[in-house]
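Descriptive structure summary
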Protein chains: 4
Amino acid sequence: MAGNSFGNLFQLTTFGESHGPAIGGIIDGCPAGISLDFSAIQKDLKRRRPGQSKIVTARNEEDQVIWLSGIFNGITTGTPIGFQILNNDQKSKDYHHIASVYRPSHADMTYEKKYGIRDYRGGGRSSARETACRVVAGAIAKQICPEISFKAFTSAVGEIELDKPYEQLDFNLIESNDVRCPDAAVAKKMISRIKEIKKNGDTVGGVVSGIISNVPAGLGEPVFQKLHAELGKAMLSINAVKGFEFGSGFAGTKMLGSTHNDQFRPDGSTTTNYSGGIQGGISNGMDIHFKVAFKPVATIMKAQETIDQEGKTISMHGKGRHDPCVVPRAVPIVEAMAALVIADFYLMQHIYQSSTQFKYEKGVN
Amino acid sequence: MAGNSFGNLFQLTTFGESHGPAIGGIIDGCPAGISLDFSAIQKDLKRRRPGQSKIVTARNEEDQVIWLSGIFNGITTGTPIGFQILNNDQKSKDYHHIASVYRPSHADMTYEKKYGIRDYRGGGRSSARETACRVVAGAIAKQICPEISFKAFTSAVGEIELDKPYEQLDFNLIESNDVRCPDAAVAKKMISRIKEIKKNGDTVGGVVSGIISNVPAGLGEPVFQKLHAELGKAMLSINAVKGFEFGSGFAGTKMLGSTHNDQFRPDGSTTTNYSGGIQGGISNGMDIHFKVAFKPVATIMKAQETIDQEGKTISMHGKGRHDPCVVPRAVPIVEAMAALVIADFYLMQHIYQSSTQFKYEKGVN
Amino acid sequence: MAGNSFGNLFQLTTFGESHGPAIGGIIDGCPAGISLDFSAIQKDLKRRRPGQSKIVTARNEEDQVIWLSGIFNGITTGTPIGFQILNNDQKSKDYHHIASVYRPSHADMTYEKKYGIRDYRGGGRSSARETACRVVAGAIAKQICPEISFKAFTSAVGEIELDKPYEQLDFNLIESNDVRCPDAAVAKKMISRIKEIKKNGDTVGGVVSGIISNVPAGLGEPVFQKLHAELGKAMLSINAVKGFEFGSGFAGTKMLGSTHNDQFRPDGSTTTNYSGGIQGGISNGMDIHFKVAFKPVATIMKAQETIDQEGKTISMHGKGRHDPCVVPRAVPIVEAMAALVIADFYLMQHIYQSSTQFKYEKGVN
Amino acid sequence: MAGNSFGNLFQLTTFGESHGPAIGGIIDGCPAGISLDFSAIQKDLKRRRPGQSKIVTARNEEDQVIWLSGIFNGITTGTPIGFQILNNDQKSKDYHHIASVYRPSHADMTYEKKYGIRDYRGGGRSSARETACRVVAGAIAKQICPEISFKAFTSAVGEIELDKPYEQLDFNLIESNDVRCPDAAVAKKMISRIKEIKKNGDTVGGVVSGIISNVPAGLGEPVFQKLHAELGKAMLSINAVKGFEFGSGFAGTKMLGSTHNDQFRPDGSTTTNYSGGIQGGISNGMDIHFKVAFKPVATIMKAQETIDQEGKTISMHGKGRHDPCVVPRAVPIVEAMAALVIADFYLMQHIYQSSTQFKYEKGVN
């Protein structure tokens, strides 16, 4: 209700500020009996980690998860999974210079307007550091439905776009370069562009594409919790996101129905997939594909004019360690949020098909 | 949880199929003491109503709300508002020809996969007829925060786009034409295009823009219930929507941070508004502006190949009464969903600012 | 959130005042494919109906459910079930004499304090007429888990108690008398006592016992949604309820652990059942048994002093048609609320056992 | 949903097992700007702490809260408050002897039936150690509504009852003795009885009474979230609770309406308070008073027969460190749960009175 929980049956609640002692969360509703692959969780965290390459922030965090409950001998027990990640390299002093300043296009002013109080340490709760907890929970969510594949990659950095259909890409290449674009040539251009922008003290936006494959038909809860509506909310809740589209997206608005309609094959699959794997808010078994728009990071290493708490105009210059382009590190976050949405519906779908399926162990005789 | 409720503090739950006796809903959490303007509610419904013009479906529904509870002498009592709208012109027989057919890009197959049962009457629950209930609730939501203005309009039909900045438009013109575009020349082109497409038995997509003005700063509940995340979910839950963007949206991904950052004026307003009125998931007092992408309606009056429940390929031809372009009728729905989101956060914001504000009537002494 | 919804996966939301045109509700989350037994629903309503015997209120309502959605050819479709019950015999004029009076131990004053408005028609929303909707939903809930038996009966009227262990009772006798006590001799005393009290214009309280049998082990969601905690909430939400106990209840506080512990038999059942079928908030397969305390109805046909809205002391005398003892009509309501709780956990339990059970139809290849 | 969250606007989510590294929780929705009194929180924890006196378990835990987020310079920021408490004295080896045994009237078997897995360390999640987190959150909840007083005390240990009306008690005496009974003579008897029972290796139940004073009128959300229904759920969710009653409770079932009705004074207060401060599910400003029944602790230091996982009968003898009577330590837990319920409704009440009260800072012009 106050906004720090996500999901219904598989629910993540998070806490933590960028510059407090730790961030963390509680996963409630994880089914019992799952033998967790901890290295897979840590691997996803590493992909999100600051300091991982030359095109991301230099803040250095190990991001090692400390597990506190809900797991016994490596297996989930069905009780809440509590976890935390320490903030080792927080350097609070970095932020004293902005304690009374509202940084442009940051959440400084809105948080203060909302709560009447200012936690100026690194943006406090509004920092994207919080997304590490999403990655932890998402990595567990993936393990609930291991047959489903979650893939995200960078499909645009500024004006440099990867314009091939995703079916023609080799997803094995995603992790082969720092920008996480599964096309070596385009990746090279993107990296070079980010380096150039970084050198100028500026930042740039980009697009992450997501593909969810091998999804069972039937996931999604119309009319308000349509699969793509929850997916959209999930993506829009990630820091710096400005837009979400799935299937034909905004381009689909220009098409005619006779072209846009996905024709069925006899097996129920479709020859095209403008629907993006979802019809009427429910998965149809085809790939779910979507795009997420990220704005340029607001912290730039250039002089800017802004105001302080008294409304006085002042000049400021970014300090601290920031990403010139958030997109490469956003890739695992997009995957994680997709997994949280799908795992939740996956569990939910268990329930509503037919009463005839309810076969429990009967009461004691 | 099963998906037919929207909102937290101001919550709408709906029921009803396209071809049952009635649709309706329950609004729980409407504050007491509001003297309802029933004509404003009916006016919004009329804007969504089928049969309102030559470019929409010919189905004829009066859509007169029947109020059942929660209102006494025209004033809300704080108890749940039950309401219903009769389906007068449902013509169930129209649909017998599709009882065993899966229409392309409809929800026929996914509903059946999900629930194991097929309600073939006009798409059943997946019909956009359900959105009439949203308009009712949205019209009440608007009356909770009357100082806030909710405006939506058609900004694209197929490739015909209205490309002026919204600040230059005269919103008084929105209702002056059948397509709800506040530019007479562009509206004319759009109408003509829709008529042409209709004549061909085809359909086309489009874009609805939304502007929410005079929003108090502080609305939104990070980190998961960010204002734009809930707004996006709300819009994506409307039938036929394929995408949502706010502020700079997808175009913003191509910008540099130094350009994209909205500079503050001394009064806290900003000179540009790429943020779309929201920073860190919280409203900042500037206009909230966003775009919603609608696909072309799937029912076309042309022959198409499809499959039946046995997977046999058959040819089908649309019957019934359908919209060649859903966008004009979607305008009030977009407004309604925006109002539902804002009213909910508006009520919520009352709570979390500072404990010092809590001054209640004390207990009996 | 605003209090008119109950349940999570199987969720009932209700609306309606005692003297409005209708009451009704929406059931969201009812599994698809259930062939509803409508006569069973109507039968439960009839047991709750006013005017059914000489020891209940003379208000005459048919309480015939009007189904509006979610059912196709008698089978649930998985979409929300909308329903309503007309208020035929509401006689609003009966209440004009109390429009400005606060009746003692009614909700008149608290509703006005809460909402700042007074709907004086028959208590408005606070009337127990609202519970008819619970009976409808409860009767459907029972059909979701038909192997489970829900039985409630009158175990006390004022000081007349049925003091046999429930295992020695013949539940077939519950409906054989007007007071719903499965012991003819005690029932006779109870009825005679109620008639005597009615004659004096007074009212009396009582106790309803509930027994849920053949419950699968494993239902309940610790630590906050323990099975008995939700059951208690459900019962306490019924009008006029003042207490709830299960298993050994308040008497158990006087026992020693060595006596109170339920010893296991080799098959996992227990020789005693002080636990009331629940250990650690989770059903263990034994009968769940509990008691619900009902206060005497506040409306009496005797002169009483009270105050009006100005705080002026006035004398009032009950009018209208009221129950001298609410307990006989509460029996089906207790059953209904028990069924709502159990059905919800029953659906929920489907999810959390082990990930190995998740075998879905795979996506299209 | 999976049961480890409590509350709506002020929401506590907890994690942690008795014998894991730590327990803890996240409080979401705490209003910003509260200058926390940490010593008050620690003081409540100390009242719940094991090892505090000779009549409770000898397990020795400091129960020092480690704050992780949501607080800046001692003031709440409106963001989630993460906290944890280390398990220092867990001694997991104490429990190896019961790894395959189902202890009578414990949750061993039901947890295993539910989750298909056994965490045998000290009862795992089902241990009352979890309630320490409730005390932390409750102590903060009290600070949200400082004008309201929450008092609980021991009113019965086995058959020894404190039978004075609570108005005649001196609450300052509650903490003056180990059993937390505000009557020195009765307390002495209770303590002596507990010591005697402990010596015998046995345990005994008891009753905790709760009084909430100076409550504003208007709290509670009918019809399902009635104030006493949520209060009852809150109490029933505490380990070992078997019953809840408020106001006249079970005794009220034997009264006549003419006696039971609480007569109004001109100022709206009532001369009696059988209603227990709640009418129609909404507080009326009078004291809310209630009783909570606790069963005898299941772990006894005597030989008992029970079964193991194969259903084989075996004899077992309690080991470890346990309470002979849980009631003295339950007193602060009852207060904490009461505070959680009241704080939630207190925040909620802010919203629903009248639209006229909504006066926000307007958007930027």
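Throughout, residues of each chain are indexed from 1 in the direction in which the sequence is written. Lettering for chains starts from A, numbering for ligands starts from 1, and both go in the order in which the items are written. Owing to the predicted nature of the model, reporting of local features is limited to residues with pLDDT of at least 70; listing and counting of side-chain atom pairs is limited to 80 or more, with chain, interface and lining totals taken over all residues. The basis for every side-chain value is the complete set of non-hydrogen atoms in the structure, without hydrogens or water.

1. Re the overall build of chain A
- In terms of helices and strands, chain A carries seven helices and 17 strands.
- In this description the radius of gyration comes from C-alpha coordinates, and the expected globular size is given by 2.2 Å times residues to the power 0.38. In summary, chain A has a C-alpha radius of gyration of 22 Å against a globular reference of 21 Å for 365 residues, a match within 12%.
- Projected onto its principal axes, the C-alpha coordinates of chain A cover approximately 70 × 55 × 35 Å.
- Expressed as a percentage of its 365 residues, the buried residues of chain A come to 71%.
- Whether two residues touch is decided by their heavy atoms; if any such pair falls within 4.5 Å, the residues are in contact. Summarising the internal contacts of chain A: among those between residues at least 6 apart in sequence, 71% fall at separations of at least 24.
- Carbon and sulfur atoms make up 49% of the accessible area of chain A, which totals about 11,100 Å².
- Taken together, the 41 basic and 37 acidic charged side chains of chain A have centroids lying 4 Å from each other. Segments assigned H or I by DSSP are reported as helices when at least four residues long, segments assigned E as strands when at least two residues long, and all are numbered from the N terminus. Summary of the burial criterion: residues with accessible area below 20% of their type's maximum are buried, those above 50% are exposed, and those between are partly exposed, where the area comes from a 1.4 Å probe applied to protein chains only. Only the protein chains shown count as cover for residues, and the accessible areas themselves come from Shrake-Rupley with a 1.4 Å probe. Under this rule, positive means Lys or Arg and negative means Asp or Glu; His and the chain ends count for nothing. Each charge is placed at NZ for Lys, CZ for Arg, CG for Asp and CD for Glu.

2. Some thoughts on the packing of aromatic side chains
- Note on ring pairs: Phe, Tyr and Trp rings are taken, using the six-membered ring of Trp, and paired if centres are within 6.5 Å. Classes follow the plane angle, with under 30 degrees stacked, over 60 edge-to-face and the rest tilted. Counted according to the given criterion, the structure contains 34 aromatic pairs over all chains.
- Ring centres of Phe 244 of chain C and Phe 290 of chain C lie 5.8 Å apart, and the angle between their planes is 35 degrees; this geometry places the pair in the tilted category. Residue Phe 244 of chain C is found in strand β12 (residues 241-246), and its partner Phe 290 of chain C is found in strand β15 (residues 288-294); the two are separated by 46 residues along the sequence.
- Seen from their ring centres, Trp 67 of chain D and Phe 83 of chain D are 6.1 Å apart, and the 55 degrees between their planes marks the pair as tilted. Of this pair, Trp 67 of chain D sits in strand β4 (residues 65-67) while Phe 83 of chain D sits in strand β7 (residues 81-86), and the two are 16 residues apart along the sequence.
- Following the ring pairs from residue to residue traces out a cluster consisting of Phe 38, Trp 67 and Phe 83 of chain A.

3. Details of the layout of surface pockets
- Here a cavity denotes grid points, spaced 1 Å and computed from the protein atoms alone, that fit a 1.4 Å probe unable to get out, and a pocket denotes an open set having protein on both sides within 12 Å along at least 5 of 7 lines; residues with an atom within 4 Å of a point are the lining. Grid points are joined across faces, edges and corners, and a volume is the space filled by probe spheres set on the points. Roughly 1,000 Å³ of internal volume is contained in the second largest pocket.
- Of all the secondary-structure elements, those providing two or more residues to the lining of the second largest pocket are β9 (149-157), β11 (206-213), β12 and β15 of chain C together with β9 (149-157) of chain D.
- The classification used treats Ala, Val, Leu, Ile, Met, Phe, Trp, Tyr, Cys and Pro as nonpolar, Asp, Glu, Lys and Arg as charged, and all other residues, Gly among them, as polar. The residue makeup of the lining of the second largest pocket, split by class, is 19 nonpolar, twelve polar and eleven charged.

4. Topic: the sheet that holds strand β8 (residues 101-102) of chain B
Residue and element names in this part refer to chain B.
- Reading across the sheet, the three strands line up as β8-β16-β17 and stay open at both edges, with antiparallel pairing between neighbours. Here the strands that pair on one side only, and so sit at the sheet edges, are β8 and β17 (313-317).
- The pairing of strand β16 (residues 303-308) with β17 spans five bridges and is classified as antiparallel. In the strand pairing of β17, Ala 303 is matched with His 317. Between any two strands, at least two bridges found by DSSP are needed for them to pair.

5. Observations concerning the interface of chain D and chain A
- Across the contact, 44 residues belong to chain D and 44 residues belong to chain A.
- By buried area we mean the combined loss of accessible area, with a 1.4 Å probe, across both parts when two parts are placed together. With both chains or domains summed, chain D and chain A bury close to 3,300 Å², and 64% of this area falls on carbon and sulfur atoms.
- Together, Ile 26, Leu 68 and Phe 72 of chain D form the three largest contributors to the area buried by chain D at its contact with chain A, with a combined 18%.
- For this analysis, a salt bridge means a side-chain nitrogen from Lys or Arg found within 4 Å of a carboxyl oxygen belonging to Asp or Glu. Between the two partners, chain D and chain A, sit zero salt bridges.
- Of all elements in the fold, only β2 (11-15), β3 (22-28), β5 (71-72), β6 (75-76), β7 and α2 (108-115) of chain D reach the threshold of two or more residues within the side of chain D that touches chain A.
- Along the lines of polarity and charge, the residues of the side of chain D that touches chain A split into 18 nonpolar, 18 polar and eight charged.

6. What to know about the relation of the copies chain D and chain A
- We place the copies in one frame by least squares, fitting the C-alpha atoms of every residue whose pLDDT is at least 70 in both. Turning chain D through 180 degrees and shifting it by 0.0 Å along the axis lays it on chain A, with an RMSD of 0.0 Å. Overall, the copies show the geometry of a two-fold rotation axis.
- A share of 100% of the interface residues of chain D reappears at the interface of chain A, consistent with the copies meeting face to face through the same patch.

7. Some points on the interface of chain A and chain B
- Contacts between chain A and chain B engage 108 residues on the former and 108 residues on the latter.
- Taken together, the two surfaces of chain A and chain B that pack against each other cover about 8,300 Å², and 59% of this comes from carbon and sulfur.
- On the chain A side of the contact with chain B, Lys 114, Phe 224 and Lys 242 of chain A bury the most area, a combined 11% of that side's loss.
- Taken together, the connections running from chain A to chain B amount to six salt bridges.
- Two N or O atoms count as a polar contact when they lie within 3.5 Å, although within protein this holds only if one can serve as hydrogen donor and the other as acceptor, and sequence-adjacent residues are included solely when both atoms are side-chain atoms. On inspection of chain A and its partner chain B, the count reaches 52 residue pairs in polar contact (both at pLDDT 80 or more).
- Tallied by class, residues from the side of chain A that touches chain B come to 42 nonpolar, 43 polar and 23 charged.
- As paired strands, strand β12 (residues 241-246) of chain A and strand β12 (residues 241-246) of chain B are joined by three bridges and run antiparallel to one another. When the sheet's bridge partners are listed, Phe 244 of chain A is paired in β12 of chain B with Phe 244 of chain B.

8. Quick notes on the nonpolar core
- Ranked by internal contacts, the top residues of the largest apolar core, which has 359 residues, are Phe 290 of chain A, Phe 290 of chain B, Phe 290 of chain C together with Phe 290 of chain D.
- Once you skip the residues sitting within four places of it in the chain, Phe 290 of chain B turns out to touch Val 208, Ser 209, Gly 210, Ile 211, Ile 212, Leu 231, Met 235, Phe 244, Glu 245, Phe 246, Val 334 and Ala 338 of chain B. Take the buried Ala, Val, Leu, Ile, Met, Phe, Trp, Tyr and Cys residues and link them wherever side-chain atoms come within 4.5 Å; each set so joined is a nonpolar core.

9. What about the confidence of the model for chain A?
All names here are of chain A.
- Mean pLDDT for chain A: 91, with 94% of residues reaching 70 or above.
- Looking at any residue, its pLDDT shows the predictor's confidence there, from 0 to 100. Low pLDDT, under 50, characterises residues 354-365; the predicted model gives this stretch 33 contacts beyond four residues in sequence or across chains.
- What the predictor reports for the complex is a pTM of 0.96 with an ipTM of 0.96.

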